[in-house]
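Residue-level listing of the chains:
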Amino acid sequence: MPRVVRRERLVPNIHLLEVEAPEIARKCRPGQFVIVMPDARGERIPLTIADWDRERGTVTSVFMAVGTTTRKLALLAAGDTVPIFAGPLGRPSEIGPVGTVLCAGGCFGIAAIHPLARAFKEAGNRVLALVDVKADYLLYWRDRLEAVADELVVSSRDGLYGGTDYVPGRVRDILAREKIDRIVAVGCTYFMSSVAEASRPAGVRTMVSLNPIMVDGTGMCGACRVTVDGRTRFACVDGPDFDGHLVDWAELYARRKSYFEDEVRSLCAWEEERFP
Amino acid sequence: MSEQDKAPSALAAQVRAEFEKDWRKELRRALPVLQRMKIPRRPMPQRPPGERNKDFAEVNQGLSAEEAVLEARRCLDCAKPGCVGGCPVGIDIPSFIKLVEKGDFAAAAARIRESNSLPAVCGRVCPQETQCEEKCLLKKASGVAVGIGNLERFVSDQERAAGGAVAPPLPPPTGRKVAVVGAGPAGLTVAGELARAGHSVTVFEALHEAGGVLVYGIPEFRLPKGILVAEVAYLERLGVEFRMNFVVGLTATIDDLRDEGYEAFFIGSGAGLPNFMKIPGENLVGVYSANEYLTRVNLMRAYDFPRYDTPVFPGRRAAVIGGGNVAMDSVRTAKRLGAERALIIYRRSRAEMPARVEEVHHAEEEGIEFHFLTAPTRYIGDANGRLKAMECLRMELGEPDASGRRRPVPVAGSEFTTEVDLVVVAIGQSPNPLIPQTTPGLGVGKWGTIDVDWATMATSIPSVYAGGDIARGGATVILAMGDARTAAAAMDLRLKQGAG
Ligand SMILES: Cc1cc2nc3c(=O)[nH]c(=O)nc-3n(C[C@H](O)[C@H](O)[C@H](O)COP(=O)(O)OP(=O)(O)OC[C@H]3O[C@@H](n4cnc5c(N)ncnc54)[C@H](O)[C@@H]3O)c2cc1C
Ligand SMILES: Cc1cc2nc3c(=O)[nH]c(=O)nc-3n(C[C@H](O)[C@H](O)[C@H](O)COP(=O)(O)OP(=O)(O)OC[C@H]3O[C@@H](n4cnc5c(N)ncnc54)[C@H](O)[C@@H]3O)c2cc1C
Ligand code: SF4
Ligand code: SF4
Ligand code: FES
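Residues numbered from 1 in each chain as written. Chains lettered and ligands numbered in written order. Predicted model: local features only at pLDDT ≥ 70, side-chain atom pairs only at ≥ 80, totals over all residues. Heavy atoms only, no water.

A. Highlighting the pairing of strand 9 (residues 126–133) of chain A. All names here are of chain A. By the criterion of burial, strand 9 is predominantly enclosed, with 7 of the 8 residues buried. When strand 8 (residues 100–106) meets strand 9, the two strands line up parallel, connected through 7 bridges. Opposite Gly 105, over in strand 9, you have Val 131 as the bridge partner. This β-α-β element, strand 8 to helix 3 (residues 109–122) to strand 9, shows right-handed connectivity. Bridge count for strand 9 against strand 10 (residues 151–156) is 6 bridges, and the pairing is parallel. Among the inter-strand pairings, Leu 128 is bridged to a residue of strand 10, identified as Glu 151. (Buried < 20%, exposed > 50% of the residue type's maximum accessible area, 1.4 Å probe, protein only. Helix = DSSP H or I, 4+ residues; strand = E, 2+ residues; numbered from the N terminus. Pairing = 2+ DSSP bridges. Right-handed = clockwise from strand over helix to strand, strands pointing away.)

Below is the structure:
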């Protein structure tokens, strides 16, 4: 079974998980994800590949502890094993020389945009990184992003980085300031839809990494159905990246909330069992 | 193409040779045909419908040893048996049945294993009534076939209870590496055959349990998972290696595996892509594909939520769209998960339903409601995007279509709306495109199936073979296994001749 090499809390509620997975490390490209299951009775959940080390054969994801599965993952330690760590799944992001690229990340997406920013930079683009946090103490990987991006912009609601507005305002500022040829946004649904709405008037192509509920991640079940440009697509095999201006966000919000009551029940049951 | 289409004479000769053996002659003399024909078919013991429709334990309980021997006596041990020709893998049916009559269950099990590596599965899910039993001469004579499937199940259950199949002595390792893609019935069969021929076999499976549809699709109440676990353990005893959570095409492509030293490939990746009707409201919360619904319940054990973490909607009024085995499994699952009403919505009439008769019958006993000549036209949601009702249209049967079945045509103005909170769409699957997309040069047909030469199951790429649902596009377990045996024979020959 795949072995955990490192599990570390980056900032409150956000953790890094590095797992030994030589085949995935060899093959993965920016924008792809893995399916992980924390234990034998667990659920299969997708996590974006945030980094990899082809020599050591490891793959890193960064996740936010929100429900049963991610809390189970947050309790893992180096040396533990997970029964499932499958990938790399999904289509890699389209990377190419497009000019100036704005990579926007929120919560776990701050890590997820790191390989994208790096790849766009390597492809010869000017790269701006925009990260959104609720407060300064939730900011992580700043140094890593600064190392690959030409410029890093932080939007934080505590005013420590100038202004307290949410990410759309920052996107509009940047678009007013210079010509952006491509935006990529990774984060929660609200974050991605906000970025897409902010860039819609300017018509800048905005790719978002959609996060519907998944089961197999290989195109077998259709749980991950999203509507893009009026067509039903399976995010795990047709995506996860889609044009954010064409996504039916209302449907995605509704589908992500499918199991809200069950998730609470699951968490309560697990907490009772784990912390009696 | 099946075994006996290829070598009808070899199989017939073998069956004939067994027929001539002295002990067979004696058994035939001991009980005359007319007396045999007087024994009524032994019924399969079943749990009462009102009890079994509330849990996931197996419905059929299996014949007792006495009953099995009695059923075996019904077989006339025909000189020219019809049954063998009806079995896609060419089991020597009279031989194994007569071994049951003799009471030598272990030998019966070994006899079946010569041609069928998943007997406990086939004995349960094969559409026997349209295969071996359809061709049984006793059926022609008296109207009621020998219970071949039930006996096959009995024999293999005995074998498992006695500790499982004993691995045969293996030939010296050939040192040739074979990669099998997919651990469904096709892949498992190829793996077993080639391991027994001395090759080094690795099975690559995308999911975390082996069995394909047998583990993620067909529910526990029809096929307990323990059976697959035992079959996989047997293959491991034969030396087969399993690499789970390995998605061929993404984790590594066929070409990558070739670079790693694999010389021959079998693609048994199945028809796992769910079809939808593309009608309004299909993405509402509460509308599932059968694959998702059954995977959550079977593979992920959602019936035991929250002990297991994966949830599934219970559904108070559940409607399943379709009329095949997949639809029957889904609707019976919905009933078991507590649906007050569980409906089958099928656009043709009862006569055209592709599901096995036994499954339809079981479903009816369990309180499933059947609505024939009805098709959904749209799903209606509430303000939160959750399914609350479905609009349907009545149909009538028109002229026969390409499949020979009468085509359903809508009755104008017959729309009606009914309240539902769970819909499972079970209108078929297409081949998963992942392997064709990532394997340059692989010939693919119009419906996404991999093109094969049916005599060998070879694809357009040398040393790459395919079979089962990926080549047929949604068929049966036993046809997948028949393909697998054909492929394994061709692959073995090729490997032994030295080519990859
Ligand atoms: C392609 C993709 C990549 C993702 N990458 C990351 C990442 O890198 N880091 C990260 O923190 N999160 C990521 N997510 C989201 C992550 O999968 C969910 O947060 C996780 O499943 C929550 O599981 P839980 O049991 O902890 O929480 P739950 O209590 O089960 O659910 C919390 C929320 O997560 C969503 N969710 C629940 N189950 C699933 C599931 N099986 N699949 C997808 N979403 C689900 C629900 O919409 C719910 O709102 C990604 C999602 C997708 C589809
Ligand atoms: C609900 C249901 C009920 C059924 N009932 C019956 C019945 O009663 N009787 C009957 O005879 N038939 C029945 N069938 C049909 C039967 O199950 C199939 O015909 C049979 O399983 C096909 O076998 P296969 O080996 O070709 O494919 P599958 O069983 O589909 O197995 C394919 C395997 O390959 C894996 N895979 C796919 N892609 C990859 C990849 N890229 N890399 C690695 N692994 C991969 C899949 O995860 C899967 O495990 C039923 C089907 C369903 C869905
Ligand atoms: S494998 Fe199927 S067709 Fe062959 S004898 Fe058994 S039940 Fe009949
Ligand atoms: S055809 Fe029927 S009666 Fe004859 S040998 Fe086969 S099973 Fe027995
Ligand atoms: S997660 Fe099952 S098809 Fe995408």
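From this point, things continue past the structure.
B. Just the domain arrangement of chain B, in detail. All names here are of chain B. Entries for chain B in the domain assignment read domain 1 (1–26), domain 2 (31–42 + 52–161), domain 3 (177–272 + 431–496) and domain 4 (274–428). Taken over C-alpha atoms, the centre of domain 2 sits 28 Å from the centre of domain 3. Taken together, the contact pairs 22 residues of domain 2 with 21 residues of domain 3. Of the roughly 2,000 Å² buried between domain 2 and domain 3, counting both surfaces, carbon and sulfur atoms make up 72%. Scanning the region where domain 2 abuts domain 3 turns up 1 salt bridge. Here the side of domain 2 that touches domain 3 is built from residues that sort into 13 nonpolar, 4 polar and 5 charged. (Domains from an automatic or database assignment. Contact = heavy atoms within 4.5 Å. Buried area = accessible area lost by both parts, 1.4 Å probe. Salt bridge = Lys/Arg side-chain N within 4 Å of Asp/Glu carboxyl O. Nonpolar A, V, L, I, M, F, W, Y, C, P; charged D, E, K, R; others polar.)

C. Region of the structure containing the packing of helix 18 (residues 325–336) of chain B against helix 19 (residues 357–365) of chain B. Residue and element names in this part refer to chain B. At a minimum axis separation of 10 Å, helix 18 and helix 19 run at an interaxial angle of 25°. By the criterion of interaxial angle, the relationship of helix 18 to helix 19 is roughly parallel. Taken as a pair, helix 18 and helix 19 cross one another with a handedness that is left-handed. Contacts between helix 18 and helix 19 involve Asn 325, Met 328 and Arg 332 from the first element and Glu 359, Val 360, His 362 and Ala 363 from the second. (Axes fitted to C-alpha atoms, helices over the stretch in contact; angles between N-to-C directions. Parallel < 35°, antiparallel > 145°, perpendicular 65-115°, else oblique. Left-handed = near helix turned anticlockwise from the far one by under 90°.)

D. Main features of the site of ligand 4. In the vicinity of ligand 4, the contacting residues are Cys75(B), Leu76(B), Cys78(B), Pro81(B), Gly82(B), Cys83(B), Pro94(B), Cys136(B), Leu137(B), Val146(B) and Ile148(B). In terms of residue class, the shell around ligand 4 is made up of 10 nonpolar, 1 polar and no charged. (Near = heavy atom within 4 Å.)

E. Geometry of the site of ligand 1. Residue and element names in this part refer to chain A. Neighbouring residues of ligand 1: 23 residues in total, closest Pro 46, Met 64, Thr 69, Thr 70 and Arg 256. Interatomic distance of 2.9 Å between a side-chain N/O atom of Thr 48 and a nitrogen atom of ligand 1. A distance of 2.8 Å is found between an oxygen atom of ligand 1 and a side-chain nitrogen or oxygen belonging to Thr 69. The set of elements that each furnish at least two residues to the shell around ligand 1 consists of strand 4 (45–48), strand 6 (58–64) and helix 2 (68–74). Looking at which element gives the most residues to the shell around ligand 1, the answer is strand 4, with 4 residues. Looking at the shell around ligand 1 residue by residue, the classes come out as 13 nonpolar, 6 polar and 4 charged. Residue-level mapping places the shell around ligand 1 at the junction of two domains, with at least three residues from each of domain 1 (3–89) and domain 2 (100–256). (Polar contact = N/O pair within 3.5 Å; in protein donor to acceptor, adjacent residues only side chain to side chain.)

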